[in-house]
Amino acid sequence: MAAPGTLAASVSGGVVTLSWGAAAGNATTYVIEAGAASGLTNIGAVPTGNLDTTWSVPAPAGIYFVRVRAANAFGLSPTTNEV
């Protein structure tokens, strides 16, 4: 399974919206990974539960490092770029 396409992020009114390109292969969900520093997942790794390629969530002010992986029953894909 290939990594999802390029990740982009925008913030408006305290809501972060992420969007990325669909992963090639047999993905069943995407996993949003967030950390306090590059490469970390100490804030969380959240499955979206679907194959939508846009995700919005309220977020407190701060600096977050976020990337996305495709997932299925066999594991996780490589990550997208980090934003």
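Now for a quick tour of the structure. All figures in this text were calculated on a predicted structure; none of them were measured in a lab.

Rules behind the numbers
- Here the residue numbers are simple positions, counted from 1 along each chain's written sequence.
- Where local features are concerned, this predicted model is filtered to residues with pLDDT of at least 70; where side-chain atom pairs are given and counted, the filter is 80 or more; whole-chain, interface and lining totals use all residues.
- The side-chain figures draw on all heavy atoms in the structure; neither hydrogens nor water molecules are used.
- Strands pair, by our definition, only if DSSP identifies at least two bridges between them.
- Helix numbering and strand numbering both begin at the N terminus, where a helix is a DSSP run of H or I of at least 4 residues and a strand a DSSP run of E of at least 2.
- Nonpolar core, defined: a set of buried Ala, Val, Leu, Ile, Met, Phe, Trp, Tyr and Cys residues in which side-chain atoms within 4.5 Å join the residues together.
- We call a residue buried when its accessible area falls under 20% of the maximum for its residue type, exposed when it is over 50%, and partly exposed in between, using a 1.4 Å probe and counting protein chains only.
- Pairs were defined over the aromatic rings of Phe, Tyr and Trp, the Trp ring being its six-membered one, requiring ring centres within 6.5 Å. Orientation was assigned from the angle between planes: stacked under 30 degrees, edge-to-face over 60, tilted for the rest.
- Simply put, an axis is a line fit to the C-alpha atoms, just over the touching stretch for a helix, and the angle between two N-to-C directions goes from 0 to 180 degrees.

Before going further, it helps to examine the sheet that holds strand β7 (residues 75-76). Pairing is antiparallel in the open sheet, where four strands are placed in the order β4-β3-β6-β7. The open sheet has two edge strands with one neighbour each: β4 (44-47) and β7. Alignment of strand β3 (residues 29-35) against strand β6 (residues 65-72), held across seven bridges, turns out to be antiparallel. Bridge pairing in β6 places V31 opposite R69.

We now examine the nonpolar core. Counting twelve residues, the largest nonpolar core is built from L7, V16, L18, W20, A23, A27, Y30, I32, A34, V66, V68 and A70. Mapped by element, the contributors of at least two residues to this core are β2 (15-19), β3 and β6.

For the structure shown, the criterion picks out one aromatic pair. Relative to Y30, the ring of W20 has its centre 5.4 Å away and its plane inclined at 70°; by these criteria the two rings are edge-to-face. With W20 in the loop between β2 and β3 and Y30 in strand β3, this residue pair connects regions lying ten residues apart in the sequence. The burial state of W20 is the same as that of Y30; both residues are buried.

Relative to the helices and strands, E33 is located in strand β3. Since its relative accessible area comes to 7%, E33 is described here as buried.

What follows covers the sheet that holds β2. Strand order in the open sheet formed by three strands is β1-β2-β5, with antiparallel pairing between adjacent strands. Whereas interior strands pair on both sides, the edge strands pair on one side only; in this sheet they are β1 (8-12) and β5 (54-58). Strand-to-strand, the axes of this sheet are offset by a mean angle of 20°, without reference to chain direction. Here β2 runs beside β5; their pairing, made up of five bridges, is antiparallel. Paired with S19 across the bridge in β5 is T54.

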